[in-house]
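Each chain, written out:
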Amino acid sequence: LPDSEWVDIITAYIDQNFAEKLTLESLAMICHGSPYHMHRTFKKIKGLTPIEYIQQVRVHAAKKYLIETNKAIGDIALCVGMANAPYFITLFKKKTGETPAQFRQMRKMEEMNDGNKK
């Protein structure tokens, strides 16, 4: 397979299975390559590492949960594949600049303001 197609397969797998425990080793096994080669190839094609991509997908999914549900932050962490809630909160803040609770609160305030304008 050409590198770009191989990375597309890995990306699609991550997109569908981000809630599972994903490691370089498990992804490499699924995609029939070595972890090192997969990491290097993925970064060359995508511009970020497989782990960074997994984090990006998880944070994006968490944002949807935060906006669309009233689930507790710890439950959302589990839903997006992160059993360690404090780490999830730290990662979310690093990626978005807000904690999950702040993100949810800001979106609720925006909704209320949008509702008042109509």
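Below, the structure is looked at part by part. This one's a predicted model, so the numbers in the text were calculated from it and none came from an experiment.

Another aspect to go through is helix H3 (residues 35–46). Residue pairs three or four apart in sequence face the same way in an α-helix, which turns once every 3.6 residues. For H3, with 12 residues, the first-to-last C-alpha span of 16 Å sits near the 16 Å given by 1.5 Å per residue. Residues Met38, Thr41 and Phe42 constitute the buried set of H3. All buried residues of H3 lie within an arc of 100° about the axis, which places them on one face of the element. Away from the buried face of H3 by more than 90 degrees, exposed residues Tyr36 and Lys44 are located. Buried residues in H3 make contact with helix H1 (3–17), helix H2 (24–30) and helix H4 (50–68). Directly beyond the C-terminal end of H3, a positive phi value near 85° is found at Gly47.

What counts, and where the lines are drawn
- Residues numbered from 1 in each chain as written.
- Predicted model: local features only at pLDDT ≥ 70, side-chain atom pairs only at ≥ 80, totals over all residues.
- Heavy atoms only, no water.
- Helix = DSSP H or I, 4+ residues; strand = E, 2+ residues; numbered from the N terminus.
- Expected span 1.5 Å × (residues − 1).
- Buried < 20%, exposed > 50% of the residue type's maximum accessible area, 1.4 Å probe, protein only.
- Arc of directions from axis to C-beta.
- Contact = heavy atoms within 4.5 Å.

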